[in-house]
Structures are given as structure tokens and as C-alpha cells.
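Structural overview
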Amino acid sequence: MTSASDLAVSVEGLSIHSTSETSKFPNCFPSLNPVDVYREHIAEELAKITGLDAEKIFSRIAWTNSLDKGDLVLPIPSLQIKKNPQELCKELAEKFPESDLILPPVAFGPHMQFFFRPERLTNNVVSRILKEKSAFGTNGNVGLRDPADPSKGRKRIIVEFSSPNIAKPFHAGHLRSTIIGGFLANLYTVMGWDVIKMNYLGDWGKQYGLLANGYKMFGSEEELTRDPINHLFNVYVKINGIVSEQEGPIKELKEQIKAKKEKGEDAAEQEKELAKLVDASEDENARRYFKSMEDGNEDALALWRRFRELSIEKYRQTYARLNIDFDVYSGESQIKQESMTSAYQTMEKVGVSEKSEGAVIVDFTKHGAKKLGKAIIVRKDGTPLYLTRDIGAILEREEAYKFDKMIYVVAAQQDLHLAQLFKITELMGYKDLASRCQHINFGMVRGMSTRKGTVKFLDDILQDVRDKMHEVMKKNTEKYEQVADPEGTADILGMSSVMVQDMTGKRINGYDFNLDAMTSFEGDTGPYLQYAHARLCSIVRKSGLNVDELDTANLSLLTETHATDLARLLAQWPDVLLNTTRTLEPTTILTYLFRMTHVLSSSYDVLKVVGSEPELKKARMALYESARQVLHNGMRILGLSPVNRM
């Protein structure tokens, strides 16, 4: 067996375990993952029987979806031995030597099922969890640049997520990006990566000229300081109303001019009138104001900076409620003009871009990517588009951070945009850079609005969910009176409701925002998950035992099927985390946690703590505390704040 030297460190409240051990098997860390001990054993024994390479067998051993199918399973056809798979499976199962780790293997069709010996597994897993606590399941070695040489440091990843537009509603897409991005940042952190959380704000463009002019007309210093995001949004709505009113006569004149020209009539008078209307319009004023910002007018930039800084400060408060903070608040405004100019020049030089009707475009059909169509890089008036800024951003980030991977957590509606961005980066000669970028997409939320029916800001939505949870909590007067801070707890439960509903299905699937369903304690919801954690905390309190002394419990007393099944599930947690780094789906973790809570809820009547004789009581409490710890660990990675009472 491999020797190990464990190291637990804390990163942003999340603990990580690393090890200096080595194994001949890839991604095998027996000191971090108890199931790896069994994988090694199975692979080595089957290698002796079959004559195959143990590493080949190791890589084909899979976990199971349900405990009745075993703890591990080996699909015999994957070994590529020329023999009837079912007969071979039966033969190998019969030849497998007696083991103190696993029970005799079961041949189930062409699959060989392995069940771990309960007593040894329970003792090993529960002892580890009680010792390692929040670090159990984590694996800092995954994030090493070179696992064989830790001195080469950790891999660096940029997770760009949330990215709202200043002075516009924080809509459902931003909410999903925030929740999924926060989860991914936590996941990569506990797997040892150096994570940079980046918020790329929509903070530049003509709309800020419109906003500045609107603020001069409708702004209030008091309102701006008190509630910047809502106030700027209200200002934006008012000035947009004026723009809409002015658009009517302008559109009418344009149609008159078009009609006259089609008839060959003189339209000089109307064109003169149109020029006056356009020149006096708020839309044109906004364009002029934004031009002054681009030209470096300090007064214009000072006001814009104030809007940006106040908005970021408000966003920070909202993000804190979702257990999220950012390392970098970037934005469209932060991309240097020289980066974009350099990108244009490179595109032109290598023949990626071309002129088309006064604009600069990329025609992907000429570069072997027909599905990507055409993309405008520079408008006819010489102004850059989002795509241009994003190209500049990729190059700046590569220079500043030297990242190993960068993921963009953006809605599926932007699939084409991101695919075009990565393809242009590749065509410019940065194939390696493009290969390190990944788009993590997601479906949309339908019907996210406040109880009053208005589509509003995230804060308003979260307020509604908190109020709803508070109402639900008040229905149980006895329990409500025991909660020290009911409003604070209602807020945490509200956050959990929103986040769990968002993470329940696969990312790409959209869902209906359902306030009643998400705040229910029935079914697999956020409140149910929190209740499961709070109940385990309650069992600890009622037991009267000291959690720090549970490591001396006699775990051999845990012989009931409910106890051993729970220990088997707890043993899977490191594998679940590792699998999540492949799926990048929060539901991978969430599904596991709900499976565990269902096994827990069926155990309470069988594995009673209060009233049991002292040694058995202590052993069961050790098992429950281990389950609470794993549940806590999983909830923290998902971005939830586990509550102790509710």
C-alpha cells in the first residue's frame, strides 16, 4: 500500500487535502479517497488472473448508480478479451481470491459487481471523516501543474461569471450565471486550482451617455447614494421614454423622405428638418456624451466612474448573500484601445478579416467553419462591437494572468458568439490560447418576476423568497421560537431555495421559476436539504455527547444495513467530487446529497441515538456526525450556508 503525507489547507473558507503519495495508477490517491484502496486491490488481483495490465483494468472500474448494484462494477466487455462476456464474468468471479476488503464478486450478466466488506469500510470512512472534517473528499493534487513535481505550482483558472449590465435589471440569465459560476469556482478551489473569480461588467457604450444625460434631468444624489442600481435603472427608463417619443417624428420623416425619393421628388426640406430633429434628440446627445467619454473628458468619466463604483458596491452586498465574492471586477470599459487595435492589425495581417460595405467582418465560411456564418468586427462608423472587445480581453488576460484555463459562464443564447470568439482567436494564430477557453452554457429561467408581477432586480426577487420562507417558518410556532435569528435564517433558506431550484436539473435545461415549489419542505428542495442538516445538528445537541470525542467510538457496533448503507454512500463523496470536475454540473453533487438525505431519513427510526446504551449511542452519533460533515461539505461547494436550527 502507498504511504501518504496529508496536508490540509484552507482556501477562502474551503479546506483542501493534498498528498505527496504516488501510485502507478492514474489519478489514484488512496490517502485522499478510501475507494481508491479498493480499486487498486481489484485491479491488481484481476491482473494476476487475466494476465492483463493492471492499469487497463483500473481505468475500467466504474462506480454504480445504486447500492444494490454494488460499490464498484467492472463491465467485462471493456477488457476486450475474446470470450463470451457473461461466461468470462462468471469465470473471473469464481477465480477471484478471498479478500479482507471485498466480499466474493457477483457476476451479473456481463458486469462484475464488487461489494465492500461493511465493517472495515465503515470503520475506515467514518474515522477519516471525523479526522479530516471539511477537507474530506477534496483533492489538491488535481490542480497541480505536474502531480509528480508539486514545486511547479498549481494550475490557474479564470472563471468569468455573473456579468450584469450597470443600470439594467439583474435578470434571470445573470442569476444563473452567478449561481453556476460560484459553484464552479468552489469546485476548482477544493480540487487545488488557483482560482480567479472575474465579473465582466457591461459598463461601457452609448447607453452610459444616455444615462448621464438622464441623471442630469431626473437624478437625485440622495437616491443614488441610497439605492444606486434601482435609481439608475429608473433614470434610464425615464430618459428612454423621451428617446421613444422622439423616435416617432424622426421615423415618420425618414419614411416621407424615402417615399419622395422613390417618386423622384425633391426631399431637401424634409432632410433639413430631419437633421435638426436628430441633432436635438436625446439619442444624439447620448452619442456625443459617450464620444466625450471615449475622448477622455474628465467630467464625463468622473460621473461614469461614480455610477460604476456605487453599483459595484451594491452588487457586492447582493453577492455576499449568495456566498460569492469576486477577485476582479473587470468590464468592457477596462479593455485597452491598443489591445483592440493590435487585434485588428493581426486579423488583417493573417487574412482573417476583410472589408465589406465599409465595415470590417470575418467570414467564417472562408475559414472552414460554415456554421459560424459571418461576424462584424468594426462597424461602418469605426466603432468596435462586443466581439472586438472580447478578443482584446482574451489577449489581455493571457498577458496578465498566464492562465491554464478560462471558462465563460454565459447563457446558451451566446453559443454562437463564444464559438466565433474562440475561432477568431485560433485563426489569429493563438490556437493554444483558444484551446484553453471553454464556454459553460445554460438554459433560461422562465417567469422570474416579483410577487407583484414586475420583472425586477435580483434583490427584489430574493426579498420575496425570504418573505415567503419567513411565512412558512412561522407556521411552526414551537420551532420558530427556538431560532435565534428567524429573519436571518429565513434569508439563508430563501437563498437555498433559489439556488437548489436552479441547480436541480442539467445546466442546459431551462426551468420555470416557481416560488411555491422552491420554498416547500416536500420533495428535493433547498429547504429540505437545510432541514436534513439542521436535524443532524439537533441529534448532536440532544445526544449530549462531545463531537470531539467521537473518534474513540467503537464503530464495529454499526452492523445494521441502514448503518452500513450510509457508510457506503459516504465513501462515495470523493468520487462524486472528482466526477463533478468532469461533468461541471452542480446537479452531480446535488443528486448525491439528496440520495444521502433519503437514506438518512429512513435510518432515524432504526438507528436511534437517544435511549441507546452508551457505546452504541456513541457509535451511531459518530456515523450521524460523519453524514452531517459530508452534507455540510457538499452544501458549501454548491454555495449554500448550512443552518444548525430552523
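Note that this is a predicted model, so its numbers are computed, not measured. (Residues numbered from 1 in each chain as written. Predicted model: local features only at pLDDT ≥ 70, side-chain atom pairs only at ≥ 80, totals over all residues. Heavy atoms only, no water.)

**A closer look at the UniProt feature "coiled-coil region" (unreviewed entry) in the protein chain**
Mapped onto this numbering, the UniProt entry annotates "coiled-coil region" (unreviewed entry) at residues 250-287. As annotated, residues 250-287 has a helix share of 84% and a strand share of 0%, and its two end C-alpha atoms lie 16 Å apart. (UniProt positions renumbered as here; feature names shortened; annotations may be inferred. Helix = DSSP H or I, 4+ residues; strand = E, 2+ residues; numbered from the N terminus.)

**Topic: the domain arrangement of the protein chain**
Each assigned domain of the protein chain is listed here: domain 1 (33-116), domain 2 (156-202 + 328-442), domain 3 (206-295) and domain 4 (458-638). Here the C-alpha centroids of domain 3 and domain 4 sit 54 Å apart. (Domains from an automatic or database assignment.)

**Remarks on the packing of aromatic side chains**
With the rule as written, the count across this model stands at 15 aromatic pairs. An angle of 15° between the planes, with centres 4.5 Å apart, marks the rings of F25 and F58 as stacked. In this pair, F25 sits in the loop between strand 2 (14-19) and helix 1 (34-50) while F58 sits in helix 2 (residues 54-60), placing the two residues 33 residues apart along the sequence. Comparing F25 with F58, the two get one shared label, buried. One residue, R397, lies across the ring of Y200, its end atom 5.1 Å from the ring centre. Positioned over the ring face of F403 is R436, at 5.4 Å from the centre of the ring. (Phe/Tyr/Trp six-rings, centres within 6.5 Å; stacked < 30°, edge-to-face > 60°. Buried < 20%, exposed > 50% of the residue type's maximum accessible area, 1.4 Å probe, protein only. Lys NZ or Arg CZ within 6 Å of the ring centre and 35° of its normal.)

**Focus: the environment of E399**
Of note, E399 is situated in helix 13 (residues 386-401). C-alpha separation for the pair E399 and Y38, spaced 361 residues apart in sequence, amounts to 44 Å.

**Focus: empty space enclosed by the protein**
Taken as a whole, this structure holds three cavities of 30 Å³ or more when the rule is applied. Considered as a void within the structure, the second largest cavity measures approximately 70 Å³ in volume. Lining the second largest cavity are N27, F29, L32, N33, D36, G137, T138, N139, M191, P574 and L578. (1 Å grid on protein atoms, 1.4 Å probe; cavity = no way out; pocket = protein on both sides within 12 Å on 5 of 7 lines; lining within 4 Å. Points joined across faces, edges and corners; volume = space filled by probe spheres on them.)

**A word on the packing of helix 6 (residues 206-218) against helix 10 (residues 282-294)**
Their axes nearest at 7 Å, the elements helix 6 and helix 10 cross at an angle of 110°. Taken together, the axis directions place helix 6 and helix 10 in an arrangement best described as roughly perpendicular. The segment helix 6 lies against helix 10, with K206, Y208, G209, L210, A212, N213, K216 and M217 engaging E282, D283, N285, A286, R287, Y289, F290 and M293. Among the residues making up the contact of helix 6 with helix 10, the classes are represented as eight nonpolar, three polar and five charged. (Axes fitted to C-alpha atoms, helices over the stretch in contact; angles between N-to-C directions. Parallel < 35°, antiparallel > 145°, perpendicular 65-115°, else oblique. Contact = heavy atoms within 4.5 Å. Nonpolar A, V, L, I, M, F, W, Y, C, P; charged D, E, K, R; others polar.)

**Considerations on a positive patch on the surface**
A cluster of basic residues, K479, R535, R541, K542 and R645, forms a positive patch at the surface. For the positive patch, the element with the highest residue contribution is helix 20 (residues 526-543), accounting for three residues. Counting through the fold element by element, R541 comes out in helix 20. Residue classification places R541 among the partly exposed residues on the basis of a relative accessible area of 38%. (Patch = residues over 30% accessible without salt bridge, like charges linked within 9 Å, V, L, I, M, F, W, Y side chains within 5 Å. Areas by Shrake-Rupley, 256 points an atom, 1.4 Å probe, with all protein chains shown as cover. Salt bridge = Lys/Arg side-chain N within 4 Å of Asp/Glu carboxyl O. Lys, Arg positive; Asp, Glu negative; His and termini not counted. Charge placed at Lys NZ, Arg CZ, Asp CG, Glu CD.)

**With respect to the pattern of salt bridges**
Within this structure, the stated rule accounts for 36 salt bridges. A salt bridge links E160 to R397, with the shortest nitrogen-to-oxygen separation between them at 2.8 Å. With E160 in strand 7 (residues 156-160) and R397 in helix 13, this pair connects stretches of sequence that are 237 residues apart. Note on E160: relative accessible area 6%, which makes it buried. The shortest N-O distance in the salt bridge between K261 and E271 comes to 2.7 Å. Of this pair, K261 sits in helix 8 (residues 228-262) while E271 sits in helix 9 (residues 268-280), placing them 10 residues apart in sequence. For E271, a relative accessible area of 34% gives the class partly exposed. Each of the salt bridges in this network shares a partner with another, and the network as a whole consists of D279, E284, R287 and R288.

**Describing the environment of T138**
Along the chain, the position of T138 falls in the loop between helix 4 (118-132) and strand 7. With relative accessibility at 4%, the residue T138 sits in the buried group. Among the polar contacts listed, one links the side chain of T138 to the backbone nitrogen of H17, at a separation of 2.8 Å. (Polar contact = N/O pair within 3.5 Å; in protein donor to acceptor, adjacent residues only side chain to side chain.)

**Regarding the sheet that holds strand 3 (residues 62-63)**
On the basis of which strands lie adjacent, the open sheet formed by four strands has the order 3-4-6-5 and antiparallel pairing. Each edge of the open sheet carries a strand with a single partner, namely strand 3 and strand 5 (106-108). Against the sheet, helix 1 contacts strand 3, strand 4 (72-75) and strand 6 (111-114), and its axis sits at roughly 35° relative to strand 4. (Pairing = 2+ DSSP bridges.)

**Brief notes about helix 13**
Note: α-helices contain 3.6 residues per turn, so residues at a spacing of three or four share the same orientation. Here helix 13 contains 16 residues, and its C-alpha end-to-end distance of 22 Å stays within 8% of the 22 Å for a straight helix at 1.5 Å per residue. Listed as buried for helix 13 are L387, T388, R389, D390, I391, G392, A393, I394, L395, E396 and R397. At the C-terminal side of helix 13, K402 shows a positive phi close to 45°. (Expected span 1.5 Å × (residues − 1).)

**Section: helix 24 (residues 614-638)**
With 25 residues, helix 24 should cover 36 Å at 1.5 Å per step; its first-to-last C-alpha distance of 36 Å lies within 8% of that length. Of all 25 residues in helix 24, 21 are buried; the element is thus mostly enclosed. Positive backbone phi, approximately 100°, marks G639, located one or two places after helix 24.

**Comments concerning the packing of helix 1 against helix 4**
Their axes nearest at 10 Å, the elements helix 1 and helix 4 cross at an angle of 140°. Contact residues: P34, V37 and Y38 in helix 1; R120, L121, N124, V125 and R128 in helix 4. Classifying every residue of the contact of helix 1 with helix 4 gives five nonpolar, one polar and two charged.

**Description of the confidence of the model for the protein chain**
Scored by pLDDT, the protein chain comes out at a mean of 91, with 96% of its residues at no less than 70. pLDDT under 50 marks residues 1-12. Its contacts with residues more than four places away, or in other chains, come to 35 contacts. (pLDDT = per-residue confidence, 0-100.)

**So, the sheet that holds strand 12 (residues 374-378)**
The sheet built from three strands is open, its strands ordered 10-11-12 with antiparallel pairing. Lying at the two open borders of the sheet, with one neighbouring strand each, are strand 10 (354-356) and strand 12. Each adjacent strand pair in this sheet contributes to an overall mean axis angle of 45°, direction not counted. Pairing geometry for strand 11 (residues 359-363) and strand 12, over four bridges, is antiparallel. If you follow I361 over to strand 12, its bridge partner there is I376.

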